[in-house]
Amino acid sequence: SQTIHQWPATLVQPVGSPLSLECTVEGTSNPNLYWYRQAAGRGLQLLFYSVGIGQISSEVPQNLSASRPQDRQFILSSKKLLLSDSGFYLCAWRSGGDRRDEQFFGPGTRLTVL
Amino acid sequence: AQSVTQPDIHITVSEGASLELRCNYSYGATPYLFWYVQSPGQGLQLLLKYFSGDTLVQGIKGFEAEFKRSQSSFNLRKPSVHWSDAAEYFCAVGSALNFGNEKLTFGTGTRLTIIP
């Protein structure tokens with residue numbers, strides 16, 4: 001069966017520090033991968049998605065970047081965190097091709113920027 | 001652009017009572033609609049989804065939702081809630097991305113509290 005992991009589960013970082021959040025998927029190959037963010041009082045917003053190694057699409061301009069160095073690994077990064085980067089970050093995967101395929105979500109990372 | 005509105009931030013119901021969570025969407029084409037549930041400290045789990053056909057959709061855990069195109073709504077219902085249903089519920093609308101991909105636009109969520 002497929003599983004999705006995210007770490008760390010929680011993170012507290014000072015403003016201006018770098019960030020690296022990792023997401024890995026097991027039990028599937030060539031998944032579509034997604035990063036979402038949930039800010040306080042707002043719905044989940046799609047940040048990035050990837051259909052393959054090295055292929056990253058950004059949905060919104062921001063202080064963050066994403067990379068996919070391996071088929072089942074998706075990394076969210078920042079060089080200098082802002083207060084507005086605080087939130088709950090969720091990684092998700094789905095098998096490709098059919099829009100009706102379900103997206104499966106990881107447990108999330110809660111990031112607090114102070 | 002697509003959007004989802006969940007007008008109720010927080011709802012409290014008694015165990016055994018019926019439940020309806022409201023969701024309104026805005027989307028230019030025929031929508032793909034979803035309800036997800038998030039328990040504390042956990043990721044999102046899909047409850048049900050609507051793509052086409054029968055407008056009353058059955059999901060897991062005894063939930064159902066009805067798609068009403070004229071009202072742009074996709075309300076979630078359960079006839080009798082259990083204490084384990086306490087969680088946050090998210091409605092989402094799907095829209096097409098490149099490469100046959102799908103983007104989910106979520107509402108802000110409704111937090112459900114169950115009282116004995």
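Residues numbered from 1 in each chain as written. Chains lettered and ligands numbered in written order. Predicted model: local features only at pLDDT ≥ 70, side-chain atom pairs only at ≥ 80, totals over all residues. Heavy atoms only, no water.

A separate point is the interface of chain A and chain B. By a frequent convention, interface size equals the accessible area lost on bringing the separate parts together. With 24 residues of chain A at the contact, the number on the chain B side is 26 residues. Summing the contributions of chain A and of chain B, the shared interface buries around 2100 Å²; its carbon and sulfur component is 54%. Where chain A packs against chain B, one counts one salt bridge. Lys103(B) is the partner of Glu59(A) in a salt bridge, and the nearest nitrogen-oxygen pair spans 2.8 Å. Taken together, the connections running from chain A to chain B amount to two residue pairs in polar contact (both at pLDDT 80 or more). Put simply, the parts of the chain that give the side of chain A that touches chain B at least two residues each are β4 (32-38), β5 (44-52) and β9 (87-94) of chain A. (Contact = heavy atoms within 4.5 Å. Buried area = accessible area lost by both parts, 1.4 Å probe. Salt bridge = Lys/Arg side-chain N within 4 Å of Asp/Glu carboxyl O. Polar contact = N/O pair within 3.5 Å; in protein donor to acceptor, adjacent residues only side chain to side chain. Helix = DSSP H or I, 4+ residues; strand = E, 2+ residues; numbered from the N terminus.)

Here we take up unusual backbone geometry. Geometrically, the link from Trp7(A) to Pro8(A) is a cis peptide bond, its omega value of 0 degrees lying close to zero. With respect to the helices, strands and loops of the structure, Pro8(A) is situated in the loop between β1 (3-7) and β2 (10-13). Here the phi dihedral of Asn30(A) falls at roughly 50 degrees; this positive angle occurs in a residue that is not glycine. Examined against the element boundaries, Asn30(A) turns out to sit in the loop between β3 (19-26) and β4. Positive phi, normally seen in glycine, also occurs at Ser72(B), with a value near 50 degrees. The topology assignment puts Ser72(B) in the loop between β8 (64-68) and β9 (73-78). The class of Ser72(B) is partly exposed, set by a relative accessible area of 26%. (Buried < 20%, exposed > 50% of the residue type's maximum accessible area, 1.4 Å probe, protein only.)

On to the sheet that holds β1(A), then. Picture the strands of a sheet paired through backbone hydrogen bonds; they go either parallel or antiparallel. Residues and elements named next belong to chain A. The four strands lie next to each other as β1-β3-β8-β7, forming an open sheet whose pairing is antiparallel. Two strands lie at the open edges of the sheet, namely β1 and β7 (65-70), each paired on one side alone. On average, each strand axis in the sheet is inclined to that of its neighbour by 20 degrees, with strand direction left out of account. For β3 and strand β8 (residues 73-78), the ladder comprises six bridges, and the chain directions are antiparallel. When the bridges of β8 are listed, Ser-20 appears paired with Ser-77. (Pairing = 2+ DSSP bridges. Axes fitted to C-alpha atoms, helices over the stretch in contact; angles between N-to-C directions.)

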